[in-house]
Structure formats: C-alpha cells, structure tokens
Amino acid sequence: MPGFKLSVLFSWIPACSLVLLGACSTTAVDPTAGWSPNKIYAEAKDEMSTGGYEKAVPLLEKLEGRAAGTPLAQQAQIDKAYAQYKAGDAIQSVATLDRFMKLHPASPAIDYALYLKGLVNFNDDLGLFSAFTQQDLAERDQKAAKESFESFKDLVTRFPDSRYAVDARSRMDYVITSLAQSEVYVANYYYHRGAYLAAINRAQSAIAEYQGVPALEEALFIMIKSYDALNMSEMRDDTRRVLEKNYPNTPYLTQGFKSKTQPWWKFW
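Here the structure is a predicted model, which means the values were calculated and not measured.

Here is what the cut-offs are and how they apply
Residues numbered from 1 in each chain as written. Predicted model: local features only at pLDDT ≥ 70, side-chain atom pairs only at ≥ 80, totals over all residues. Heavy atoms only, no water. Core = buried A, V, L, I, M, F, W, Y, C linked by side-chain atoms within 4.5 Å. Buried < 20%, exposed > 50% of the residue type's maximum accessible area, 1.4 Å probe, protein only. Helix = DSSP H or I, 4+ residues; strand = E, 2+ residues; numbered from the N terminus. Contact = heavy atoms within 4.5 Å. Polar contact = N/O pair within 3.5 Å; in protein donor to acceptor, adjacent residues only side chain to side chain. Salt bridge = Lys/Arg side-chain N within 4 Å of Asp/Glu carboxyl O. Phe/Tyr/Trp six-rings, centres within 6.5 Å; stacked < 30°, edge-to-face > 60°. Lys NZ or Arg CZ within 6 Å of the ring centre and 35° of its normal. Axes fitted to C-alpha atoms, helices over the stretch in contact; angles between N-to-C directions. Parallel < 35°, antiparallel > 145°, perpendicular 65-115°, else oblique. Left-handed = near helix turned anticlockwise from the far one by under 90°.

## Observations regarding the nonpolar core
Part 1 of the argument: Counting 43 residues, the largest nonpolar core has Leu97, Met101, Tyr115 and Phe152 as the members making the most contacts within it.
Part 2 of the argument: At the level of secondary structure, the elements contributing two or more residues to this core comprise α5 (71-86), α6 (90-103), α7 (110-122), α9 (143-158), α10 (165-191), α11 (196-209) and α12 (215-229).
Part 3 of the argument: Among the elements that line this core, the one with the most residues is α10, at 10 residues.
Part 4 of the argument: Ignoring anything within four residues of it in the chain, the contact list for Met101 reads Ile110, Ala113, Leu114 and Lys117.

In structure tokens, the structure reads:
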C-alpha cells in the first residue's frame, strides 16, 4: 500500500507485544567473537580431549571460516570430521572428508582422510543388544562395509608406505571375510527355508567372489545339502569331493551346521 507507515502498524500492537518483539530480535552473543584462530583451535582440542565432540564441531566450523586459506583451516576440517565421527554423525563425517579431499587433493593428510573415511564406514559396533541377539556383521547391510573396503583399498594403493596402511590392510581382510560370510548367511537362510536353488546360487556367489576366507567351507556344505535335497546326487558328490579336498578335517560332514553360540567375527 503506497505511503503505508510502520508507525501506523505498530500503533495497533499492544505495548507488551512490542516487548516480545524486541526480545525476539536479540541476537545470540558469540563467545568466540574476540578469539584468535589459535585460541579457537585450542578450545576445540580441549573439548575433544574430554569427549566433548559435539561441542568441538561448531568451534572447528568457526575456525574454518576465520582461518580460511591456511593450513590451520585444513586441520580444522580434518578434526571436524573426526569429531563428527566420534559424536556418532557418520553421514556428516563422510561428507566433511569428501569435501576435504575434493578441495585439497594434494594435502599431506589425504592418506589420513582416506583412513578415517574407511573407519567411519567400518563401524564394527553392533549396538546395545548384540550380546542378546547374537547378531553379527554378516547379517547386516553390507553397503557400508563395501564403502569401507574401497577407502582402505584406495589408501594402500596410493600410499602403500603410509603409517595407516598396515591397519588398513588388516581391516580390508576383515571386511572381505564379513562380505563372504554375508553371502553364506543368506545361503544358509534360504536352505533352512527350503529354497534350495537360491541357497546354491548364493553359496556359489561367495565361492566365486571371495578366496581364502573361512566362510567358503560352510558355503560348500550348504551346496552339498541343497543338492541332496534336490536329489541331484552327482552334483552333491562332486561338491563333497571339493569340500574334502580343500578342508580335509571339516567338521561339517560329521557334525552338520554349527550352532550359533559365538559370533564368527570375534577375532578383531
């Protein structure tokens, strides 16, 4: 409306409402306003050292802005990713690491960024109820495990002499074992529900994709049992010979399936 004055509008508002409007317009005081970048970093590190990862994240974000274009800003990004990881925010941690590697491809911390990204996705914490449910990694969605493997693989390929490479290789072995066991877990599930062809296919998939992992012994046994259930005696006997040749002391042929009393992955 032409010529409309705010004074006219406010004349209709009670005085108590004006008090509320004034309160709402008050901006929060930034306690770091007069701090130097080094002081912000020191405070963030203090928070992280005492487990205050959620409090450290906003401090590191402020540091990124105030120290932009400096090595300290890069350090803030890396530390922020770690703080987000420790605070349980895996999605944001991975996003921070991806951004860091995109913006600073020549940084001497790239190997650590890859290692940390692998750790974030590695996630071998099964949660509060794992002790009661006996759920293992093979029963869970393996997308994160695959992404973890790719990060570790990228690290050991690009930086074979990195201080993080040895641990990354160990974790790669663990992930491969987990992925193979995941296939065998599904095969076992199908077998015990009478879906014998599906069980054979998943067991064969594990054997074809993974080598030298413990799960393949069970995969072969599942195939034997499935072929037997389908009255495919020739395929059953051929698979049995393969099992006996590769695992001459296998307990499966005398004891059957193992009882699930101890998670397979308790070797880490």
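## Remarks on the environment of Thr239
Part 1 of the argument: Relative to the elements of secondary structure, Thr239 occurs in helix α13 (residues 233-246).
Part 2 of the argument: The class for Thr239 is buried, based on a relative accessible area of 8%.
Part 3 of the argument: C-alpha of Thr239 to C-alpha of Leu220: the two residues are 19 residues apart in sequence and 6.6 Å apart in space.
Part 4 of the argument: When near neighbours in sequence (up to four residues on either side) are disregarded, Thr239 contacts Leu220, Met223, Ile224 and Tyr227.
Part 5 of the argument: A polar atom in the side chain of Thr239 sits 2.8 Å from the backbone oxygen of Met235.

## What about the pattern of salt bridges?
Part 1 of the argument: A complete count under the given rule lists 14 salt bridges for this structure.
Part 2 of the argument: In this structure, Glu43 engages Lys39 in a salt bridge whose closest nitrogen and oxygen atoms are separated by 3.6 Å. Here Glu43 and its partner Lys39 are both found in helix α3 (residues 37-49), 4 residues apart, which amounts to about one turn of the helix.
Part 3 of the argument: Judged by relative accessible area, which is 28%, Glu43 ranks as partly exposed.
Part 4 of the argument: Across the pair Glu64 and Arg99 runs a salt bridge, and its minimum N-O distance is 3.2 Å. Residue Glu64 is found in helix α4 (residues 53-66), and its partner Arg99 is found in helix α6; the two are separated by 35 residues along the sequence.

## So, the packing of aromatic side chains
Think of a pair of aromatic rings as described by two things: how far the centres are apart, and how the planes are tilted against each other in angle.
Part 1 of the argument: Overall, the coordinates contain 12 aromatic pairs when judged by the stated rule.
Part 2 of the argument: By way of ring pairs, the aromatic residues Tyr112, Tyr115, Phe122, Phe152, Tyr164 and Tyr174 are connected into one cluster.
Part 3 of the argument: Lying across the ring of Trp35, Lys39 places its NZ or CZ 4.6 Å from the centre.
Part 4 of the argument: In this structure, Arg171 is placed above the aromatic ring of Phe122, and the distance from its NZ or CZ to the ring centre is 4.8 Å.

## Here we look at the packing of α3 against α4
When two helices pack together, their arrangement is given by the angle between their axes and by how far apart the axes lie.
Part 1 of the argument: The contact between α3 and α4 brings their axes to 8 Å, and the two run at 160 degrees. One way to sum up the angle between α3 and α4 is to call them roughly antiparallel. Classified by chirality, the crossing of α4 by α3 is left-handed. Seen from α3, the contacting residues are Pro37, Ile40, Tyr41, Glu43, Ala44, Glu47 and Met48; seen from α4, they are Tyr53, Lys55, Ala56, Leu59, Leu60, Leu63 and Arg66.

## Notes on the environment of Tyr164
Part 1 of the argument: Looking at the secondary structure, you find Tyr164 in the loop between α9 and α10.
Part 2 of the argument: Taking relative accessible area as the criterion, Tyr164 reaches 18% and is therefore assigned buried.
Part 3 of the argument: As for Tyr164 and Leu114, which are separated by 50 residues in sequence, their C-alpha atoms are 9.4 Å apart.
Part 4 of the argument: The contact partners of Tyr164, leaving out residues within four places of it in the chain, are Asp111, Tyr112, Tyr115 and Leu155.

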